Amino acid sequence: MSELVQRYTASVLFDKRLWQADITASLAHAEMLSHQGIISKEDHSAIAQGMAQIWTEIENGSFEWKLALEDVHLNIEARLTQLAGDAGKRLHTGRSRNDQVATALRLWTRRELTLVAGRVLDLIDVLVASADAAGWGKGSIYMPGYTHLQRAQPVQLSHHLAAHAWSLLRDTDRIFSAIDRGNISPLGAGALAGSSLPIDPSLTAKEMGFRAAFVNSLDAVSDRDFVAEALFNIALLGVHLSRLGEEWVLWTTEEFGFAKLDDAYSTGSSMLPQKKNADIAELARGKSGRFIGNLTGLLTTLKGLPLAYNRDLQEDKEPLFDSVNQVKLALSALSGMISTATFNKDRMQLAADDQLMAATDLAEWMVRKGIPFRQAHAHVGELVQQSIKTGKLLHDLALASELFGKFAAELIAPGVGVSMRTSPGGAGPVPGEVQRQQLELAIEVARGEWEDLLAI
Ligand code: ARG
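What counts as what
Counting of residues starts from 1 at the beginning of each chain's written sequence and follows it residue by residue. This being a predicted model, a pLDDT of at least 70 is required before a residue's local features are given, and a value of 80 or more before pairs of side-chain atoms are given or counted; all residues contribute to the totals for chains, interfaces and linings. Note that the side-chain values use all heavy atoms of the structure and ignore hydrogens as well as water. Going along the chain from the N terminus, every DSSP run of H or I of four or more residues is numbered as a helix, and every run of E of two or more is numbered as a strand. Here, axes are lines fitted to C-alpha atoms. For helices the fit covers the stretch in contact, and angles between N-to-C directions go from 0 to 180 degrees. Relative orientations are named as follows: roughly parallel for angles under 35 degrees, roughly antiparallel for angles over 145 degrees, roughly perpendicular for angles from 65 to 115 degrees, and oblique for any other angle. Working rule for contacts: check all heavy atoms of both residues, and any pair within 4.5 Å makes them a contact. For this scheme, ten residues count as nonpolar: Ala, Val, Leu, Ile, Met, Phe, Trp, Tyr, Cys and Pro. Four count as charged, namely Asp, Glu, Lys and Arg, and the remainder, Gly too, count as polar. With a 1 Å grid laid over protein atoms only, a set of points is called a cavity when a 1.4 Å probe fits there but cannot get out and a pocket when it is open yet has protein on both sides within 12 Å along at least five of seven lines; lining residues have an atom within 4 Å of a point. Grid points are joined across faces, edges and corners, and a volume is the space filled by probe spheres set on the points.

Peer 1: Teacher, can you tell me more about unusual backbone geometry here?
Peer 2: Glycine aside, residues mostly have negative phi, and peptide bonds are mostly found in the trans state. Cis geometry marks the peptide bond from Leu307 to Ala308, where omega comes out at 0°. One can find Ala308 in the loop between α12 (279-303) and α13 (317-340). For His148, which is not glycine, the phi torsion reads 55° and is therefore positive. One non-glycine residue with positive phi stands out, namely Leu149, at about 60°. Inspection of the secondary structure puts Leu149 in the loop between β1 (142-147) and β2 (150-156).

Peer 1: Can you help me understand the packing of helix α8 (residues 157-182) against helix α11 (residues 225-251) in this one?
Peer 2: In helix packing, the relevant descriptors are the interaxial angle and the interaxial distance, both defined with respect to the helix axes. Relative orientation of the contacting elements α8 and α11 amounts to 170°, with a least axis distance of 9 Å. With respect to each other, α8 and α11 are oriented roughly antiparallel. Contact residues: Leu157, His160, His164, Ser167, Leu168, Asp171, Arg174, Ile175, Ala178, Arg181 and Gly182 in α8; Phe226, Glu229, Phe232, Asn233, Leu236, Leu237, His240, Leu241, Leu244, Glu247 and Trp251 in α11. The residue inventory of the contact of α8 with α11, partitioned by class, reads 11 nonpolar, 6 polar and 5 charged.

Peer 1: Whenever I open this one, the layout of surface pockets confuses me. Can you help?
Peer 2: Any empty space left between the atoms is revealed when a probe the size of a water molecule rolls over them. Approximately 630 Å³ is the volume attributed to the largest pocket. Around the largest pocket, the lining is made up of 24 residues, and of these Tyr146, His160, Ala163, His164 and Glu247 lie nearest the centre. Those elements giving two or more residues to the lining of the largest pocket turn out to be β1, β2, α8 and α11. In terms of residues, the lining of the largest pocket owes the most to one element, α8, which gives 8 residues.

Next comes the structure, spelled out in structure tokens:
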């Protein structure tokens, strides 16, 4: 092979991070070969000893990675043969790099997705802690809720923060189910069609903590659904982080002034000394484009491939590694940013006490008096228009009006609006306290599932 082709085809520079997974899978394979009487017990223990040394060498940085040996798998196997002689040469019995790489990548993905989910759970904890500090019950911090980014109705700050926690809980749920679907061992599929030797794929599957072994060898070596699902889950998680980030960019502007970032989690400007920028939030927004790109890139790579293994599949790794690395960083940075930020209660509440936001409550007050909602909507609409035209406060106009009067006007007082959001799942203190418990329960369930996965 020419030097150029070597550089073009080699993957070791990026796939060496699969080394632990590769060694784990090789040890399981050797044990199965020995159990099945395909290699001797002596060969098995020579392989195990050699792999233990390789593990140490890679960990302490003395392992010599060679581009000429193409990928992580051939590098490790070549070193094993140096250390264990013929026993090393027997390891690849009944196995191909096609099932080997698929196995190692599944092990790696299972572990890394678990770690990603752990960081999502940490961010959820941060959001819930901020929500707790803002309060859930009567007298808690409230803010304007928006539709079309226009002030709409007051909501509790905790309710807003928790909305993000719920979307992140769906992300953990999706990650857990993707891990379960991908938790199938392809080892024993060989190059594409299995082996004539009495290998037992179910033994290696069990040894590596997989739910089961593959059923169809062609499918086993060509399936990268687990990578596509991982990339989709990260892409959607990234979209959630992007939306969260966008809000923090807005909230920390002079114009909103709802929140202030800690110096450790904001950046300055090289030219403007007064600047304090929400770069973490902006990058959470920016990196979501990259996650979507990694997903569409892989899907495009996969779409034209005939069964079974094709070298194109080597292109599965870099987008996966990139998305996993970047989303882990994004999650931790956002957790730090939010946990150290402070909210400006006065700014938020002042904005939420905008009298026009009580308009719906006035209409619902009329509904309770028996007036059809559409009609009530029109009456309040007139009042609002009058207020805008004359500059008079909605409260004063309601008080003076025959249709409304004193009791209706009381609904416009500061802080009253949010307490009127009483229906289940609503933004006020009454459903807020219920939600707090539901959130706790959902987090407990997710944490439990996560701990089970971490133990694999
Ligand atoms: N480095 C390859 C990959 O990542 C391993 C499998 C190579 N198999 C082969 N027959 N060339 O996909």
